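So you can see what is in the structure, the chains are spelled out below.
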Amino acid sequence: MLNILAISGSLRAASTNSALIAALARNAPPGCRVSVYDGLGCLPIFDPDDEGERTPLEASELIDAVTRADGVIVSCPEYAHGVPGGLKNGLDWLVSRDAAVAKPAMLVHASPRSLFARAALAEIMRTMSFALCEGNMLEIVLLGKKQPEVESILAEPANRLAMRDALNAFADFIRAR
Ligand SMILES: Cc1cc2nc3c(=O)[nH]c(=O)nc-3n(C[C@H](O)[C@H](O)[C@H](O)COP(=O)(O)O)c2cc1C
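First, a word on what this report is: a plain description of the structure on this page.

Scoring rules and cut-offs
Residues numbered from 1 in each chain as written. Predicted model: local features only at pLDDT ≥ 70, side-chain atom pairs only at ≥ 80, totals over all residues. Heavy atoms only, no water. Phe/Tyr/Trp six-rings, centres within 6.5 Å; stacked < 30°, edge-to-face > 60°. Helix = DSSP H or I, 4+ residues; strand = E, 2+ residues; numbered from the N terminus. Buried < 20%, exposed > 50% of the residue type's maximum accessible area, 1.4 Å probe, protein only. Contact = heavy atoms within 4.5 Å. 1 Å grid on protein atoms, 1.4 Å probe; cavity = no way out; pocket = protein on both sides within 12 Å on 5 of 7 lines; lining within 4 Å. Points joined across faces, edges and corners; volume = space filled by probe spheres on them. Nonpolar A, V, L, I, M, F, W, Y, C, P; charged D, E, K, R; others polar. Near = heavy atom within 4 Å. Polar contact = N/O pair within 3.5 Å; in protein donor to acceptor, adjacent residues only side chain to side chain. Areas by Shrake-Rupley, 256 points an atom, 1.4 Å probe, with all protein chains shown as cover. Axes fitted to C-alpha atoms, helices over the stretch in contact; angles between N-to-C directions. Parallel < 35°, antiparallel > 145°, perpendicular 65-115°, else oblique. Expected span 1.5 Å × (residues − 1). Arc of directions from axis to C-beta.

1. Structural notes on the packing of aromatic side chains
Next, step 1: Enumeration over the complete set of coordinates arrives at 2 aromatic pairs.
Next, step 2: Summarising the aromatic geometry, the rings of phenylalanine 46 and tryptophan 93 are spaced 4.9 Å apart at their centres and angled 90° between planes, so their arrangement reads as edge-to-face. One end of the pair, phenylalanine 46, is in the loop between strand 2 (32-37) and helix 2 (57-68); the other, tryptophan 93, is in the loop between helix 3 (85-92) and strand 4 (104-109), and 47 residues separate them in sequence.
Next, step 3: Of the residues examined, tryptophan 93 reaches a relative accessible area of 0% and is grouped as buried.

Quick look at the structure:
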């Protein structure tokens, strides 16, 4: 059983990226378990002076969750052509250790825009030595949609199939490494 950790880069209660992550967890194919990390909003701001023995509990929990995971999935909005600070802060806690090194990762998208953030996040994660699964792109357009339309889009058979296909492709990528 592959254990995949899914992270939304949005802290918004009605986040479309978080809805996509939750739908991936519900639609995981046999052999994959997707668990959602929702602690980004509780992480202290990264400070290199707070590493080692001083690492805050919240950061240790994120580091341990990434270390234990067989792979990481990120769905992230774009803010002012960049990666949201909360997600970048979470990633910064992972830089000076082994958690991200060679860890399979996949980006998924809830917006058809966000092209600057997609490129920046891919560059950041490659620089951190994540093994980015590049060929397999899942995009389900939820931009500007509100509940209950978000859930009805995510429940469409074609979108459920696309989520399962993306997870199966990511599982193959993980197993091939
Ligand atoms: C402060 C702010 C800045 C934004 N800047 C951009 C941007 O530069 N480019 C873009 O495509 N969308 C931008 N957006 C739109 C969000 O990326 C978009 O609404 C996203 O789908 C929201 O994700 P969420 O529903 O998970 O919170 C911005 C939204 C906010 C709140």
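2. With respect to helix 3
Next, step 1: For helix 3, the full list of buried residues reads Leu87, Asn89, Gly90 and Leu91.
Next, step 2: The inward-facing, buried residues of helix 3 contact strand 1 (2-8), helix 2, strand 3 (71-75) and helix 4 (115-127).

3. With respect to the layout of surface pockets
Next, step 1: Volume-wise, the largest pocket comes out at about 390 Å³.
Next, step 2: When its residues are assigned to classes, the lining of the largest pocket shows 8 nonpolar, 8 polar and 5 charged.
Next, step 3: Quantified by volume, the second largest pocket comes out at close to 230 Å³.
Next, step 4: In terms of lining, the second largest pocket is formed by 18 residues, of which the most central are Ser8, Ser10, Arg12, Ser18 and Asp38.
Next, step 5: Only helix 1 (16-26) and strand 2 provide two or more residues apiece to the lining of the second largest pocket.
Next, step 6: Among the elements that line the lining of the second largest pocket, the one with the most residues is helix 1, at 4 residues.

4. Side note on the site of the ligand
Next, step 1: Lining the immediate surroundings of the ligand are 13 residues, of which Arg12, Ser15, Thr16, Asn17 and Glu78 lie closest.
Next, step 2: Interatomic distance of 2.9 Å between a backbone N/O atom of histidine 81 and an oxygen atom of the ligand.
Next, step 3: Its free accessible area being 640 Å², the ligand has 68% of it covered by the protein chains.
Next, step 4: Residue composition of the shell around the ligand, by class: 4 nonpolar, 6 polar and 3 charged.

5. Concerning the packing of helix 3 against helix 4
Next, step 1: Axis separation between helix 3 and helix 4 bottoms out at 11 Å; the angle between their running directions is 10°. The pairing of helix 3 with helix 4 is recorded here as roughly parallel in orientation. Here helix 3 contributes Leu87, Lys88 and Leu91 to the contact with helix 4, which in turn contributes Leu121, Ile124 and Met125.
Next, step 2: Partitioned by chemical class, the residues of the contact of helix 3 with helix 4 number 5 nonpolar, no polar and 1 charged.

6. Some remarks on helix 6 (residues 157-175)
Next, step 1: An ideal rise of 1.5 Å per residue puts 27 Å on 19 residues; helix 6 measures up with 27 Å between its terminal C-alpha atoms.
Next, step 2: The set of residues buried in helix 6 consists of Asn159, Met163, Ala166, Leu167, Phe170, Ala171 and Ile174. What you see down the axis of helix 6 is that its buried residues fit within an arc of 140°, all on one side. In helix 6, the exposed positions angled more than 90 degrees off the buried face are occupied by Pro157, Ala158 and Arg175.

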